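# Examining the three-dimensional arrangement
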Amino acid sequence: MANSPLKGPLKESDKEVTASVLQSTLVDLIDLSLIAKQAHWNVVGRNFRSVHLQLDELVSAARGFVDDVAERASAIGVSPNGKAKTVTENSGLPEYPESWQSTDLTVDKIVDTLGRLIQRLRVCIDETDKSDLVTQDLLIEITQEMEKQHWMWQAQKA
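Below: a short report on this structure.

How each quantity is defined
Residues numbered from 1 in each chain as written. Predicted model: local features only at pLDDT ≥ 70, side-chain atom pairs only at ≥ 80, totals over all residues. Heavy atoms only, no water. Helix = DSSP H or I, 4+ residues; strand = E, 2+ residues; numbered from the N terminus. Rg over C-alpha atoms; globule rule 2.2 N^0.38 Å. Buried < 20%, exposed > 50% of the residue type's maximum accessible area, 1.4 Å probe, protein only. Contact = heavy atoms within 4.5 Å. Areas by Shrake-Rupley, 256 points an atom, 1.4 Å probe, with all protein chains shown as cover. Salt bridge = Lys/Arg side-chain N within 4 Å of Asp/Glu carboxyl O. Axes fitted to C-alpha atoms, helices over the stretch in contact; angles between N-to-C directions. Parallel < 35°, antiparallel > 145°, perpendicular 65-115°, else oblique. Left-handed = near helix turned anticlockwise from the far one by under 90°. Nonpolar A, V, L, I, M, F, W, Y, C, P; charged D, E, K, R; others polar.

### Structural notes on the overall build of the protein chain
- For the protein chain, the count of helices and strands is five helices and two strands.
- Ordered by position from N to C terminus, the α and β elements of the protein chain give α-β-α-α-β-α-α.
- For a compact globule of 158 residues, the expected C-alpha radius of gyration is about 15 Å, and the protein chain comes in at 16 Å, within 12% of that figure.
- Residues counted as buried form 47% of the 158 residues belonging to the protein chain.
- The long-range share in the protein chain, meaning contacts at least 24 apart out of those at least 6 apart in sequence, stands at 80%.
- Summing over all exposed atoms, the protein chain offers an accessible surface of approximately 8,500 Å²; the carbon and sulfur share of this is 51%.

In structure tokens form, the structure reads like this:
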């Protein structure tokens, strides 16, 4: 880990674990915001308006947490990296299709994407159990909101 001009509260080994988790989460959340915006611009079909607006809610949630995660990394003395190349190379989320997508396909893809994100977040929660409970608390908050979003997207098809 590069020498930081900022000193955080964690011992080095805990900082490394926590930094990795925060970077992974940052990249996934940035990707989620981009996926949801891509879907927002390209959704067509029955219930268009509802899905279109729900996608904007998802974008807003993801973008809000992006800042929280990046600022947490800075607070522990780690430089966050949200560059496009970093996101492209490191996101753990499934790739979203190009071009127009039906509302049904859009809902299916968003449900899959959120499901994958939640799996990854729950692993991160486990990983921070010993390294940093403050970061773990943030991850729990993010997971709670993403699970709520996941439920709402699944309800579209129920």
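Moving on from the coordinates now.
### A short note on the pattern of salt bridges
- Under the criterion given, the structure shown has seven salt bridges.
- Here R72 and D132 are joined by a salt bridge, their closest N and O atoms 2.7 Å apart. Residue R72 is located in helix α2 (residues 48-75), and its partner D132 is located in the loop between α4 (103-127) and α5 (133-155); the two are separated by 60 residues in the primary sequence. Per residue, the accessibility class of R72 equals that of D132, and both read buried.

### A look at the packing of α2 against α4
- Interhelical geometry of α2 versus α4 gives an angle of 25° and a closest axis separation of 10 Å. As far as their axial angle goes, α4 and α2 are roughly parallel. Crossing angle aside, the handedness with which α2 passes α4 is left-handed. Residue-level inspection shows F48, V51, L55 and L58 of α2 in contact with α4, the latter providing T103, T106, V107, I110 and L114.

### Re the packing of helix α1 (residues 12-42) against α4
- Contact geometry for α1 and α4: axes closest at 10 Å, N-to-C directions at 170°. Regarding the angle of α1 to α4, the classification is roughly antiparallel. For the pair α1 and α4, contact is made by V17, V21, S24, T25, D28, L29, L32, I35 and A39 and by T106, I110, T113, L114, L117, R120, L121, C124 and E127, respectively.
- Looking at the contact of α1 with α4 residue by residue, the classes come out as 11 nonpolar, four polar and three charged.

So yeah, pure geometry; function would need other evidence.
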